[in-house]
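The residues making up each chain are set out below.
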Amino acid sequence: MTIAKTVENFLQRHAVPYGVVQHPRSLSSKETAGAAHLEPDDIAKAVVLGDDKGYVMAVIPSDRHVELRALSKKLGRKLDLISESRLAPLFKDCEPGAIPPIGPAYHVETIVDESLVGRKKVWFVAGDHYRLVAVDGDDFIRLLGQAQFSRFSH
C-alpha cells in the first residue's frame, strides 16, 4: 500500500509539500520510530475515541498516552477507545492500526495536544505500516483546520 489516497488528496488540496519515508514493517509507534530512525515524540499519532455522539480523533506525539478522563471532562463527553474493527468503514484506505492523524481529511472531529505546536517537522503514518509522511510543523497544524488544541496527554 502507498500513502492513503484520502491523505494524499488532502495534502494536495491544501498545497502542503510532503515527503514519504519508507521503513521496515512496524506495528507500534515505538517500532515505527526505531525503524524510521526518529525519536518517538517526532511522530504524531491518532487515537480515535467515541461515544453516542460520534467519533473524536485525539492527535498526540506517539510516545504519549491520552488522559481519557481529563479529555472526556474537557469535551463534556464520556469518551471510550474505539476498536480498530469499528473504524475500518471510516478509514477504508488505511490498514488497521495505521490511521493518519489528519481527522479533517476523514471528516472526524479532531483535538490536538498542544505539545505538537511549534515543531519544525512532524511525521505521521501514511495509512500503512511501511511509510511515514513528513511535513513542516506549521503545515501540519494548518492541515488540522478548526481542530481544538489542549493539553490532554502524558
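The rules behind the values
- Residues numbered from 1 in each chain as written.
- Predicted model: local features only at pLDDT ≥ 70, side-chain atom pairs only at ≥ 80, totals over all residues.
- Heavy atoms only, no water.
- Phe/Tyr/Trp six-rings, centres within 6.5 Å; stacked < 30°, edge-to-face > 60°.
- Helix = DSSP H or I, 4+ residues; strand = E, 2+ residues; numbered from the N terminus.
- Buried < 20%, exposed > 50% of the residue type's maximum accessible area, 1.4 Å probe, protein only.
- Arc of directions from axis to C-beta.
- 1 Å grid on protein atoms, 1.4 Å probe; cavity = no way out; pocket = protein on both sides within 12 Å on 5 of 7 lines; lining within 4 Å.
- Points joined across faces, edges and corners; volume = space filled by probe spheres on them.
- Nonpolar A, V, L, I, M, F, W, Y, C, P; charged D, E, K, R; others polar.
- Salt bridge = Lys/Arg side-chain N within 4 Å of Asp/Glu carboxyl O.
- Pairing = 2+ DSSP bridges.

Colleague: I'd like a rundown of the packing of aromatic side chains, residues and numbers included.
Modeller: Inspection of the entire model under this criterion finds two aromatic pairs. An angle of 40° between the planes, with centres 5.8 Å apart, marks the rings of Phe124 and Phe140 as tilted. Of this pair, Phe124 sits in strand β6 (residues 121–125) while Phe140 sits in helix α5 (residues 137–143), and the two are 16 residues apart along the sequence. Across the pair, exposure class does not vary: Phe124 and Phe140 are buried alike.

Colleague: Explain helix α3 (residues 68–75) residue by residue, including any values.
Modeller: Taken residue by residue, α3 has Leu71, Ser72 and Leu75 as its buried positions. Across the axial projection of α3, the buried residues extend over an arc of 100°, all falling on one side. With respect to the buried face of α3, the exposed residues turned more than 90 degrees away are Arg69 and Lys73. Looking one or two residues beyond α3, the residue adopting positive phi is Gly76, at roughly 65°.

Colleague: Lay out the layout of surface pockets with the relevant residues and their values.
Modeller: What the largest pocket holds in volume is close to 610 Å³. Surrounding the largest pocket, 29 residues form its lining, Ser29, Lys45, Ala46, Glu84 and Gly97 being those nearest its centre. Of all elements in the fold, only α2 (29–36), β2 (43–51) and α4 (84–87) reach the threshold of two or more residues within the lining of the largest pocket. Looking at the lining of the largest pocket, the element that brings in the most residues is β2, giving six residues. Split by residue class, the lining of the largest pocket holds 14 nonpolar, ten polar and five charged.

Colleague: Would you mind going over the pattern of salt bridges in detail, with residue names and values included?
Modeller: In the structure shown here, the tally under the stated rule is eight salt bridges. Two residues, Lys5 and Glu8, come together in a salt bridge whose shortest N-O distance is 2.8 Å. Within this pair, Lys5 and its partner Glu8 are both found in helix α1 (residues 5–13), separated by three residues, close to a single helical turn. Between Asp51 and Arg77 there is a salt bridge whose closest N-O contact spans 2.7 Å. Placement of Asp51 in strand β2 and of Arg77 in the loop between α3 and β4 (80–81) is noted, with a sequence separation of 26 residues between them. What makes Arg77 buried here is its relative accessible area of 12%. A single network of salt bridges, built from pairs that share partners, joins Asp51, Arg77 and Glu109.

Colleague: Outline the pairing of β2, supporting the account with residue identities and numerical values.
Modeller: Within β2, seven of the nine residues are buried, which leaves it mostly tucked inside the rest of the structure. Where β2 and β6 come together, two bridges link them in parallel fashion. What sits directly across from Ala44, in β6, is Phe124. Here β2 runs beside strand β3 (residues 54–61); their pairing, made up of eight bridges, is antiparallel. In the sheet register, Asp51 faces β3, and the bridge partner there is Gly54. Two successive antiparallel strands, β2 and β3, enclose a turn made up of two residues.

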